[in-house]
Amino acid sequence: MNCDKSTWLSTAGGTAPQPVSDAEPTVRLLLLGGFRLLHGRRPVVVPRGLQRTIALIGLRPGATRAQLAGLLWPEVPEERALSSLRTALWRLRRDPSCPVIADGDTVRLHPMVDVDVDELARADARVSQGGDPRPAAAVLAAGRHDLLPGWYDDWVLLERERLRQLRLHLLDEMARAHLRAGEHGEALQAALEAMAAEPLRETPHRLVVQVHLAEGNACEALHAYFDYRDLLRRELQLEPSAAMRALISEVLASHDRPRQAPAQPARGVPRLVPGPAGDRATVRAHPGNLLPAPTAGHPPVRAPLLRGPVPAPSTRPDPAPVAGDGGVTRGPARSQDDVVAVRTPLAGTCHPAQPGVPPFGPGDRSRKDGRRPSSRP
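Along each chain, the written sequence defines residue order, and numbers are assigned to residues from 1. Since the coordinates come from a predicted model, pLDDT governs what is reported: local features require at least 70, and pairs of side-chain atoms require 80 or more to be given and counted, while whole-chain, interface and lining totals use all residues. The basis for every side-chain value is the complete set of non-hydrogen atoms in the structure, without hydrogens or water.

If you look the protein chain up in an unreviewed UniProt entry, it shows as DNA-binding SARP family transcriptional activator from Micromonospora purpureochromogenes.

A. Main features of the packing of helix α6 (residues 154-180) against helix α7 (residues 184-197). Axes here refer to lines fitted to C-alpha atoms; in helices the fit is confined to the stretch in contact. Angles between the N-to-C directions go from 0 to 180 degrees. Strands here mean DSSP runs of E at least two residues long; helices mean DSSP runs of H or I at least four residues long; both are numbered from the N terminus. It is the contact of α6 with α7, at a shortest axis distance of 7 Å, that shows an interaxial angle of 160°. Relative to α7, the element α6 lies roughly antiparallel. As α6 packs across α7, the resulting crossing turns out to be left-handed. Residues R164, R167, L168, L171, D172, M174, A175, H178 and L179 of α6 pack against H184, E186, A187, A190, A191, E193, A194 and A197 of α7. Amino acid classes used here: Ala, Val, Leu, Ile, Met, Phe, Trp, Tyr, Cys and Pro are nonpolar; Asp, Glu, Lys and Arg are charged; the rest, including Gly, are polar. Partitioned by chemical class, the residues of the contact of α6 with α7 number 10 nonpolar, two polar and five charged. For classification purposes, an angle smaller than 35 degrees is called roughly parallel, one larger than 145 roughly antiparallel, one from 65 to 115 roughly perpendicular, and anything else oblique. Take the far helix as the reference: if the near one is turned anticlockwise from it by less than a right angle, the crossing is left-handed, and if turned clockwise, right-handed. Note on contacts: a residue pair qualifies if any of its non-hydrogen atoms lie within 4.5 Å across the two residues.

B. Quick peek at the packing of α6 against helix α8 (residues 202-214). As a packed pair, α6 and α8 sit with axes 10 Å apart at the nearest point and diverge in direction by 10°. Judged by the angle between their axes, α6 and α8 are roughly parallel. Within the contact between the two elements, α6 uses D172, A175, R176 and L179 and α8 uses T203, P204, L207, Q210, V211 and A214. Class assignment for the residues of the contact of α6 with α8 results in six nonpolar, two polar and two charged.

Right, here's the structure in full:
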């Protein structure tokens with residue numbers, strides 16, 4: 001017969017069966033972290049062969065017999081799988097702790113049974129609709145565990161990934177809800193929880209940056225952004241998305257902008273302005289007579305200040321040019337002829353500037369070099 005609300009549940013430890021009333025919540029099926037069936041706080045002993053059947057019915061409420069049989073025994077023919085399912089349901093009906101109801105072609109758990117997976121889904125729907133995210137914290141604590149660890153059935157792996165994604169999105173919604181309410185600490189905690197569950201996922205990293213920016217911590221926001229960028233480049237050779245970069249574009253612009261030196265008042269050095277001949281130089285300190293101010297890397301410009309009277313121009317005559325060796329004129333050249341005489345030796349043979357000095361040409365270099373002329377023909 002089918003189990004109903006008056007079914008007696010046997011508990012572990014040899015205690016007498018206790019009736020289940022409508023007022024007491026009473027049976028809980030826990031699948032996160034391992035299979036456990038609780039009556040109140042007492043665990044109910046379920047044979048290993050029936051745990052898979054109860055867990056699948058709890059994860060697929062309202063599934064037909066054919067669907068359950070195909071998932072539980074995928075490698076056998078359909079008729080044999082259906083026969084195995086009928087045997088399992090018969091054993092559950094005989095067990096007084098059975099929480100299963102078979103209604104025609106469908107099989108489901110009794111409404112008095114609370115499943116932790118269903119609590120996670122209800123919490124996600126409540127937070128997504130704008131509800132208070134705080135009551136979901138306890139559900140998330142249980143959601144840290146994998147679904148039925150150690151079970152490797154195909155339907156277990158599929159449901160495990162579905163619940164993992166459900167928990168990640170619930171954490172994201174909680175972080176956004178706390179951020180909208182100005183509860184930055186709770187928002188950061190939810191985002192970090194999602195980041196720990198999936199380090200390469202961008203959404204929690206983006207939420208962490210948003211929380212830091214909302215708090216005015218630009219340094220922390222940049223630190224979180226660059227950490228995620230380096231992780232993404234190292235693991236996947238990818239860059240953060242455009243939404244992630246746009247989130248801190250203003251902060252990055254101010255970070256990359258070169259710093260400008262503070263404006264300083266214009267400085268200058270007085271320029272020396274000569275006066276009439278014989279007078280002392282005068283200094284005029286108007287803006288047109290200011291030398292440019294010193295710049296970085298260049299020594300300051302200093303204008304010489306004259307002290308004492310300016311010496312009068314000399315009236316002594318210039319010394320006469322002195323002819324040196326080879327007719328080269330030494331001394332100050334004051335006329336165009338003297339300039340020509342100085343430059344002439346560079347062209348070729350020089351003529352003597354004074355009588356008695358023999359000339360020398362390009363072929364006679366012995367006299368110039370201080371060596372004796374060669375006696376060879």
